[in-house]
Structure formats: C-alpha cells, structure tokens
Amino acid sequence: MKEFITGIILIILFSTFSLFIINSENSNSIMEIYTPTKFGIDFNKNNSVDNNEIFCIEGIESFSMEPSEEFYESFAIKNGLNHKQLISLGYLAQDFAQNTLKNKRVQVKKSDKISSECRYGEIYTNGMKYSEMLKHSGFGIINGEIGEPKNFEKNLFSANKLNLVILNHKSNKYHKLDCPYGKIAHDTVYIPKKHLPKQAKQCKYCHLEKNKKFHVKKETRTKIPQIPQPPLVITDDNIKIIFTDYTKNLKPHTKCITNVCSELLSHINNATESIDIAIYGYSEIPGITQSLQKAKNRGVKIRFIYDSKFDPSENYYPNNQKIIDLATSHRSDITDSKTQSNMLMHNKFIIFDNKTVFTGSMNISPTGLSDYDVNSIAIIKSEQIANIYKNEFEQMLNGRFHKLKQCSKMPNKFTLNNSKVEVYFSPQDKPSIRIIQLIQNAQKYIYIPTFLITHKNITEELINAKLRGVDVRVIIDANSTSTKNTKHAILRENKILLKTENYAGKVHSKTMIIDDEILVLGSMNFSNSGDNKNDENVLIIKNPKLAKAHKDFFLYLWTLIPNKYLKTNPKAESYESIGACSDGVDNNFNGEIDNQDAYCKRH
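Each value, and the rule that gives it
Residues numbered from 1 in each chain as written. Predicted model: local features only at pLDDT ≥ 70, side-chain atom pairs only at ≥ 80, totals over all residues. Heavy atoms only, no water. Pairing = 2+ DSSP bridges. Helix = DSSP H or I, 4+ residues; strand = E, 2+ residues; numbered from the N terminus. Contact = heavy atoms within 4.5 Å. Axes fitted to C-alpha atoms, helices over the stretch in contact; angles between N-to-C directions. Salt bridge = Lys/Arg side-chain N within 4 Å of Asp/Glu carboxyl O. Expected span 1.5 Å × (residues − 1). Buried < 20%, exposed > 50% of the residue type's maximum accessible area, 1.4 Å probe, protein only. Disulfide = S-S within 2.5 Å. Phe/Tyr/Trp six-rings, centres within 6.5 Å; stacked < 30°, edge-to-face > 60°. Patch = residues over 30% accessible without salt bridge, like charges linked within 9 Å, V, L, I, M, F, W, Y side chains within 5 Å. Areas by Shrake-Rupley, 256 points an atom, 1.4 Å probe, with all protein chains shown as cover. Lys, Arg positive; Asp, Glu negative; His and termini not counted. Charge placed at Lys NZ, Arg CZ, Asp CG, Glu CD. pLDDT = per-residue confidence, 0-100. Core = buried A, V, L, I, M, F, W, Y, C linked by side-chain atoms within 4.5 Å.

Trainee: Would you mind going over the sheet that holds strand 4 (residues 61-62) with me for this structure?
Mentor: Within a sheet, adjacent strands bond to each other through the backbone by hydrogen bonds, running parallel or antiparallel. Pairing is antiparallel in the open sheet, where three strands are placed in the order 4-8-9. Because the sheet does not close on itself, it has two edges, and the strands there are strand 4 and strand 9 (145-146). As judged from the two bridges shared by strand 4 and strand 8 (residues 140-142), these two strands associate in the antiparallel manner. Counterpart to Glu 61 in the pairing with strand 8 is Ile 141. Strand contacts of helix 4 (residues 130-137): strand 4 and strand 8, with the helix running at about 100° to strand 8, the strand carrying the most contacts.

In structure tokens, the structure reads:
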C-alpha cells in the first residue's frame, strides 16, 4: 500500500514538473509596453525586441497617452470627454498595463491578422485573457463602447483628481496639458503635479492668470517647422535610393523597422550564393545577425572586410566578431605599420550574389539603421557594377589596403537605362579630381549635406562656383565645426550659405547634388584623408529624377534647421541640439553622455 501511495505521489510530482516545463517553454516575456494594447514581446528569447516582435491585442481598444485624432472624434467627443480627461485616462490605463504585464511571463496566441505595425492576437497571464482583464478594468473599449461602465466611472473620477502636467526635462518647466509650448517640447513626460521635482518651474505662458498679459519672448517661440516630409525611398529602374530622416527619431534603437533596415534585411534573406561585406565596423542589430546566420545555414558564402586600429582599444565598433564567426573568410586592414593601420577602411558596401550593390554613407549600426543619423543609401542592380566592387573587395581580402591598392583596369562608367553611373575608389582613383570637375561645370546650384568639409581644393572650387553666381548651400554636422582643418568658417566668409545642424543624430551623408542632374554619394567625406588615404567608394549618378529627390530632401532639412545656425554653431552634446541630452549617446565623443556633459548640465 505504501509503495502504491508513493508511486501516485511521484506521478503527480512528475506531471506537475512536466507541466511547469511546458508552460515555461511556451511562455514569453513582455519587454516593452508601448500602449495598453501594444507590446514588445521577446519571442526569440534574446532579451531584446526585434522588428517582428511587436504584438497588438486584437478586438479591443484602450485609452492611451497619445490618442489619435480619429479616436478623439469618434469616442471622446461622443462620450463628453475633454482632452485633459483623455490623457489622464491614458496615463492610468498605461499604469494598469504596466502593473499587469511588465516583465511578466505570458502565453501568446497569435491570430492570422498582421499589419505593417504589428502582429495581432491574445495574451494570457495566470490563465486569464488580458483583453478580458482590460475590458473589466474600465479601460477597455470594444466596438466603440466601454467594456465595464461602472469601473470606467471610477477611473474617470481618479483621472479628474490626477492633475497631470507635462514636465519638460530640457527646460525643467512644467506645462498644462493643453499648453502649446508643452506640446512642441522635446524630452517630456506626463506626471502628476504632486510628483514634480522641487526645482521644476511653471511655464509662465500657460500658468498665467487670465487677467494678466504676458509677452512671450521671441526665443521661447521657437518651433520645429511643420513641413511635409519628402519621399524617403526613390526608385528609377535599376537604382533605389533611401534617405534616413533624423528629425523623426531622436534616440537610436536596435529594432529593424526602418525603410533602410528592412531593405537590408530583405537582401540578406533573399541571397542565394554570396554576401560580401566591406564596412567600417559592425555594431549589432539582432535582426541582421539572425538573418546572416540563416543565410549561412542555407549555404550562402559570407566574406567580411572591416577596419581595425593598431591599438585594439581604439576600435570603435564592438561587434565585428559576430560577423567574423559567420564568415568563410575575413580580414581587417591592420598591419605591422602603425601609420598604415590607422588609415581607415571606411567603406560601407555589401555585394549580394555578385549582382546587387548596397552602398552609401550608412554604417551598419543602431545609429545608422534606426534613422537616428542622416544618410543616403543606394541599391544598384547591375552585374557590371557588382563586378567592379567585387574586384575592390578582393584586393582588400588579399591584403591590399589604402595606398597598397592598385587601380582597376575594369571600366568604371556604366549606362543603366535612365542613369549614367561612375564608380571611384579611394585612394587609388583620387575621386576629388572628378568631383572638382563637376563643381566647375555647375551652372545653377550645388547643395551639400555632409558630415564635414576639410578638403582644400574642393573648398576653393565651391568658392569659385559661388563667385560665378552658382547657388551653393551646405549643411554640416555639429561635431565638424571643431574638426581640425574644417573649412566651414572660410566658406561662410566667402558668402556661401552654410548651416550647422542641430539634432541629436549626425548629418552623416557625404552627398553633393548639382543642377537637378548630378548626384554624388558614397562613404568618402570631403576630406584629404577620404581622398588620399582611406579605403572609400564614391558613386556619381547622372539621373534627373534621383537628383531632384535629393534636392527636395536637402531643402526639407534646410528648412528644419533654424537660420541662426547660418552664423552660429550649436554644440553636438547640448540642448541646442534637439534630443542630444536624452539620447544615451556620447554625441561629442568626450566620454560624457547626456547630463554628464557640461553643456547639458549648464542648461
């Protein structure tokens, strides 16, 4: 009898343990709560949220802190809710979602519904449907109706007592929810007034008594202009151009959800034979690493070229080993010569199946692939152009870098339907010679969004173009005003319109647009090092459609940068540069991030 009872107990314990293991394996962790019905879920258990791991609850809506105009018009007005109540209910709903799901293991049941925004389905926690919990909380809305009216009334009572304000970390001022200056401010949070830090100050505009007049100083009226964003993806036959707009994303991330990251991911996933990667370095995007692993698993040959410093501690990109582990062959530019090694392998190109070239100014990193920086990327389908890039790649793979490389005997000028394309490599081709010819032939305008200009001869020819009546305009990165040999002051002295950008990310492009016809882009900065020392690639494309698209994007950025930066230069790590004191990035490379930096503290 004892043996029988012992056996039963062991069976029960084993069954319970097995059930626990099964549930653990089928459960997922909520990593991010974007709204009460939209989450980032770690499906692949890599402790991050990838581009395909955004999940939405199907069949139910909720209040949120960023209600859409459609929701306001269809629900709030109908139910007599004002804007302040809507935001306050959203604050409480977010708090409910955080308390219910944050960092908890949940079971997920996916439906067939998928949109560009997320995958849909249901979440279960402790055996209960989250949608039912949300419904009964009084925050859930089904078919335009409150799920649980009694609890909604309680929530509304709490929302009316909440007294939320908008705290601007940048100015340390707080605004009423309907304050126009609170709405346009960056680096803000909604917070109950009783939880404000002691040093917070009232916004004088929105807290002013109605019977008093208040003159808002001109500098406090600065708004980001609301102008239409031009198309960021342009295709003409064999060439696709992608722009990254850094005015919309003020903090880098590792989710592969942008146009450019999705495009790169698609090419990796569709490669069948080979992927040749020549990049300055790799800072990991999990989705890219995973796709390269899958490519290797299906037999695609991966080869890798990258930059390396003579002193390894100076290497900027931390995750080259991720690609090295997947590559059949790899090489950096390091040699026994310190001078040679400290020249840059600064290319940013990838060749897919010896047929398509992915190139431009973008580094394969979170700052590049999240649209945090401004870049121009070209994807060219041409076996001829792929071959000349492959020849360059194999020179480096065989140990010929920088001044050891030889000029290719292959043709470097191609006609692709509506486009004429020229390909140049530094340092052997001296691309500046051809660029200067294009400047000399310009008749109407030369627009240049670029990280920097330090090249003496290019500077002189831009001044000459201005003197003969060409409209010359330049946007440079805030870091570059303190770069050794920078020519921005000389260009301004010679009446060239030059703006220093004022956003968190970098203007990282190396682009020149000429006369609605010519486009210059690639990895080469307009510098002596880029022209004469580093490994670089430059494309010159004659195509009116692509050139005009670049002009439109340049003028869009130009309008968003205040005119005062035609004469003054914002600090890269300061509150003048929008988002730079809250982006988690060392923008001026001094080892101090955000409020550690003196220019952020000083404000």
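Past the structure itself, the notes keep going.
Trainee: Please explain the pattern of salt bridges as it appears in this structure.
Mentor: It is possible for side chains bearing opposite charge to pair when their charged atoms get close. The final tally for this structure, using the stated rule, is 12 salt bridges. Notably, a salt bridge pairs Lys 322 with Glu 284, separated by 3.7 Å at the nearest N-O pair. With a gap of 38 residues between them, Lys 322 in helix 9 (residues 320-324) and Glu 284 in the loop between strand 16 (274-279) and helix 8 (286-297) connect regions that are remote in the sequence. The salt bridge partner of Asp 516 is Lys 551, with a shortest N-O separation of 3.1 Å. Taken together, the positions of Asp 516 in the loop between strand 27 (512-514) and strand 28 (518-522) and Lys 551 in helix 17 (residues 544-560) put the pair 35 residues apart, joining distant regions of the chain.

Trainee: Looking at this model, I keep getting lost on helix 14 (residues 456-467). Mind explaining?
Mentor: For an α-helix, 3.6 residues make a turn, and residues three or four places apart therefore share a direction. In a regular helix each residue adds 1.5 Å, so 12 residues correspond to 16 Å; helix 14 covers 17 Å between its end C-alpha atoms and thus fits that length. Listing the buried residues of helix 14 in full gives Ile 458, Thr 459, Glu 461, Leu 462, Ile 463 and Ala 465. Against the buried residues of helix 14 lie helix 13 (431-441), strand 24 (445-450), strand 25 (471-476) and helix 15 (488-493). Trailing helix 14 by a residue or two, Gly 469 shows a phi angle of about 100°, which is positive.

Trainee: Quick question: what am I supposed to make of the side chain of Ser 64 here?
Mentor: Mapping Ser 64 onto the fold places it in the loop between strand 4 and helix 2 (69-76). For Ser 64, a relative accessible area of 14% corresponds to the buried category. When residues no more than four places from it in sequence are discounted, the contact partners of Ser 64 are Thr 35, Pro 36, Leu 86 and Gly 90.

Trainee: Could you clarify how one ought to interpret the state of the cysteines in this entry?
Mentor: By definition, a disulfide links the sulfur atoms of two cysteines through a covalent bond. Across all of its chains, the model carries three disulfides by this definition. Here Cys 56 is linked by a disulfide to Cys 118, with a sulfur-sulfur distance of 2.1 Å. Given an S-S torsion of about -110°, the disulfide between Cys 56 and Cys 118 has left-handed geometry. Residue Cys 56 is found in strand 3 (residues 54-57), and its partner Cys 118 is found in the loop between strand 5 (105-114) and strand 6 (119-125); the two are separated by 62 residues along the sequence. We classify Cys 56 as buried; its relative accessible area is 7%. Through a disulfide, Cys 581 is tied to Cys 600; the S-S separation comes to 1.9 Å. Sign of the S-S torsion, about -85° for the bond between Cys 581 and Cys 600, identifies this disulfide as left-handed. Of this pair, Cys 581 sits in the loop between helix 17 and helix 18 (598-602) while Cys 600 is found in helix 18, placing the two residues 19 residues apart along the sequence.

Trainee: How do you make sense of the packing of aromatic side chains when you look at a structure like this?
Mentor: A ring pair, where both rings are aromatic, is described by two values, the distance of the centres and the angle of the planes. Scanning the model with the defined rule gives 17 aromatic pairs in all. Seen from their ring centres, Phe 349 and Tyr 389 are 5.0 Å apart, and the 75° between their planes marks the pair as edge-to-face. Of this pair, Phe 349 sits in strand 19 (residues 348-352) while Tyr 389 sits in helix 12 (residues 383-397), placing them 40 residues apart in sequence. Of the two residues, Phe 349 and Tyr 389, both sit in the buried class.

Trainee: In this structure, what is going on with helix 8? I would like to understand it.
Mentor: With 12 residues, helix 8 should cover 16 Å at 1.5 Å per step; its first-to-last C-alpha distance of 16 Å lies within 8% of that length. Three or more residues of helix 8 are buried, namely Pro 286, Gly 287, Ile 288, Thr 289, Ser 291, Leu 292 and Ala 295. On its buried side, helix 8 packs onto helix 7 (259-270), strand 16, strand 17 (301-306), helix 9 and helix 11 (366-369). Downstream of helix 8 by one or two residues, Gly 299 has phi in the positive range, about 100°.

Trainee: Please clarify how the side chain of Asn 155 should be interpreted in this entry.
Mentor: Within the secondary structure layout, Asn 155 lies in helix 5 (residues 149-162). Asn 155 gets classed as buried once you look at its relative accessible area, which sits at 12%. Filtering out sequence-adjacent residues up to four positions away, Asn 155 remains in contact with Leu 89, Leu 92, Ser 137, Gly 138 and Phe 139.

Trainee: How should I be thinking about the sheet that holds strand 18 (residues 329-332) in this particular structure?
Mentor: Spatially, 14-15-21-20-19-16-17-18 is the arrangement adopted by the eight strands of the open sheet, whose pairing is mixed. For this open sheet the edge positions go to strand 14 (233-236) and strand 18, each flanked by a neighbour on one side alone. Looking at each pair of strands side by side, their axes are set apart by 10° on average, direction ignored. Across the sheet, helix 12 lies against strand 16, strand 17, strand 18, strand 19, strand 20 (356-360) and strand 21 (375-381), angled at about 65° from strand 17, the strand it touches most. Packing of helix 17 onto the sheet brings it into contact with strand 14, strand 15 (239-244) and strand 21, and relative to strand 15 it is tilted by some 5°.

Trainee: Could you clarify how one ought to interpret a positive patch on the surface in this entry?
Mentor: On the surface, Lys 403, Lys 430, Lys 484 and Lys 533 cluster together into a positively charged patch. With respect to the secondary-structure elements, Lys 484 resides in the loop between strand 25 and helix 15. Overall, Lys 484 belongs to the exposed group, its relative accessible area being 70%.

Trainee: I keep staring at the confidence of the model for the protein chain and nothing clicks. Help me out?
Mentor: Residues shown with low pLDDT carry predicted positions that ought not to be read at fine detail. Overall, the predicted model of the protein chain reaches an average pLDDT of 87, with 89% of residues at or above 70. Scored below 50 in pLDDT, residues 13-25 shows three contacts in the model against residues more than four places distant or in partner chains. Across residues 209-223, confidence stays below pLDDT 50; counting only partners more than four residues off in sequence or on other chains, it has 12 contacts.

Trainee: Can you walk me through the environment of Gly 287 in this structure?
Mentor: Considering the arrangement of structural elements, one finds Gly 287 in helix 8. Using a relative accessible area of 8% as the deciding quantity, one classes Gly 287 as buried. The spatial distance from the C-alpha of Gly 287 to the C-alpha of Thr 254 is 8.2 Å, given a sequence separation of 33 residues.

Trainee: Looking at this structure, I do not really get the nonpolar core. What am I missing?
Mentor: Side chains that are nonpolar tend, in soluble globular proteins, to be buried together. In terms of nonpolar packing, the biggest core is built from 50 residues, with Ile 385, Tyr 389, Val 423 and Leu 539 touching the most fellow members. In terms of residue count, the dominant contributor to this core is helix 17 (nine residues).

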